[in-house]
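A look at the structure
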Amino acid sequence: MIAPVAIAGNATRPLSVALVGNPNCGKTTLFNALTGLRQKVGNYPGVTVEKKEGRVTLPNGETARLLDLPGLYSLTPNSPDETIAREVLMGLRTDTPSPDLILNIVDASNLERNLYLTSQLLDLGVPVVIALTMTDAAEKEGAVVQAALLEKQIGVPVRVVVASRNQGLRELLAELQSGGYLPIPEPAWTVPPIIAADVDDLKTALQAEHHLQPRLAFAESITLLMQENDVVSAPHLPPAIIALARETRERLAGHEIDFAAAAIEARYGWISRVCAGVVTQEVKPRRSPLLANEKIDRIVMHPFWGYVLFFLVMTAVFQSIFTLGQAPVDFIKA
């Protein structure tokens, strides 16, 4: 059976889960651990971006579909991979159903960088579950991430997993099992007052002219205004929306307001507050790269044993010269 998700008209459809995370955060390892051999790899139509899908069995015996999206740092697209991921998450691709649940893989050893993407995912109004990876790497660096506190701070389920050892997978699957019924998270960050009115105007226009839901309209507004120009491919948007976004960017620039800088600063303000409350720094003695040299120096630079070692080395050098040199001397004489 496929885990059902309630939709309009009392109908049901398979639970669709999108795996989203930064490059090298352990996303592919987790995807492979969850799906095993039950996966297929292809390309998105019209592009060379890889499309990976798989099936996972939930604790109740039902099955859900997993889509491993390309690794990305931001939903503001600057590459084909990021564009595809954004389009899938916002339900803009006809060849891929929009996800019912986002499984956000977060690298605990790079928590601040990873939570930037998390803040954008929370904008979308889609249920989110966080899989916290690389906790062992973080602890080696002296940082302990409190998963329970992180869950409380963000307001979405957080589960620690070590996919390579199958640790925490069952707890994670239990969260996916109820994924279609998880509460919708609130946006994590607060839009700065200096740009709030411009975001609201574009959001209202997107709702009126493009009939987007409020949360998607909010996320789309931020993405459009983050661009320095119309680099986001948006054939789905009316020309009036594109023109309004362009005019807004130009007007803000005329008033020397950097929309992107203001938005990024606001997001990282939220991230800093979260990290301050959930990360405990442990003071651990670090092994210095010069430690071996220092041990040698303690002997060779010793005020007494240093001289003893010096005379022993010089004696060995002279003895080796005369001993090894005697053989060619005798050969030449002969």
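All of the points below concern the structure found in this document. (Residues numbered from 1 in each chain as written. Predicted model: local features only at pLDDT ≥ 70, side-chain atom pairs only at ≥ 80, totals over all residues. Heavy atoms only, no water.)

1. A closer look at the overall build of the protein chain
When helices and strands are tallied, the protein chain shows twelve helices and eleven strands. Relative to its 334 residues, the protein chain shows a buried fraction of 44%. Approximately 17900 Å² of the protein chain is accessible, and the part contributed by carbon and sulfur atoms is 57%. (Helix = DSSP H or I, 4+ residues; strand = E, 2+ residues; numbered from the N terminus. Buried < 20%, exposed > 50% of the residue type's maximum accessible area, 1.4 Å probe, protein only. Areas by Shrake-Rupley, 256 points an atom, 1.4 Å probe, with all protein chains shown as cover.)

2. Topic: the pattern of salt bridges
Enumeration according to the criterion identifies ten salt bridges in this entry. Close ionic contact of Glu220 with Arg86 constitutes a salt bridge, the shortest N to O distance being 2.3 Å. Residue Glu220 is found in helix H8 (residues 214-226), and its partner Arg86 is found in helix H2 (residues 80-89); the two are separated by 134 residues along the sequence. The exposure classification of Glu220 matches that of Arg86, with both residues buried. With its nearest N and O atoms 2.8 Å apart, the salt bridge here joins Asp95 to Arg93. The exposure class assigned to Asp95 is partly exposed, which follows from its relative accessible area of 29%. On the accessibility criterion, Arg93 (14% relative accessible area) is buried. Through salt bridges that share partners, Lys27, Lys52 and Asp68 make up one connected network. (Salt bridge = Lys/Arg side-chain N within 4 Å of Asp/Glu carboxyl O.)

3. Describing the pairing of strand E8 (residues 128-133)
The buried count for E8 comes to six of six residues, which makes it a mostly enclosed element. With six bridges joining them, strand E7 (residues 101-107) and E8 adopt parallel strand pairing. In the strand pairing of E8, Leu103 is matched with Val129. A crossover links E7 with its parallel partner E8, the connecting element being helix H3 (residues 111-123), and its sense is right-handed. Across three bridges, E8 lies against strand E10 (residues 158-160) in parallel orientation. The residue of E10 that forms the bridge with Ala131 is Arg159. (Pairing = 2+ DSSP bridges. Right-handed = clockwise from strand over helix to strand, strands pointing away.)

4. Examining the packing of helix H7 (residues 193-210) against H8
At a minimum axis distance of 8 Å, the contact between H7 and H8 shows a crossing angle of 125°. Here H7 lies oblique to H8, going by the angle between them. Viewed along their axes, H7 and H8 form a crossing whose handedness is right-handed. Taken together, the residues of H8 that come into contact with H7 (itself represented by Asp198, Val199, Leu202, Lys203, Leu206 and Gln207) are Pro214, Ala217, Phe218, Glu220, Ser221, Ile222, Leu224 and Leu225. (Axes fitted to C-alpha atoms, helices over the stretch in contact; angles between N-to-C directions. Parallel < 35°, antiparallel > 145°, perpendicular 65-115°, else oblique. Left-handed = near helix turned anticlockwise from the far one by under 90°. Contact = heavy atoms within 4.5 Å.)

5. Section: unusual backbone geometry
For Asn24, which is not a glycine, the phi torsion comes out positive at approximately 65°. Residue Asn24 is classed as exposed on the basis of its relative accessible area of 72%.

6. Digging into the packing of aromatic side chains
Tallied over the entire structure, the rule returns three aromatic pairs. Geometrically, the ring pair formed by Trp189 and Phe218 is tilted, given 6.3 Å between the ring centres and 45° between the ring planes. Here Phe218 lies in helix H8 and Trp189 lies in the loop between helix H6 (169-177) and H7, a separation of 29 residues in the sequence. Accessibility expressed as a relative area gives 4% for Trp189, which makes it buried. A relative accessible area of 10% places Phe218 in the buried class. Between Phe310 and Phe311 the ring centres are 5.5 Å apart and the planes differ by 70°, which places this aromatic pair in the edge-to-face class. (Phe/Tyr/Trp six-rings, centres within 6.5 Å; stacked < 30°, edge-to-face > 60°.)

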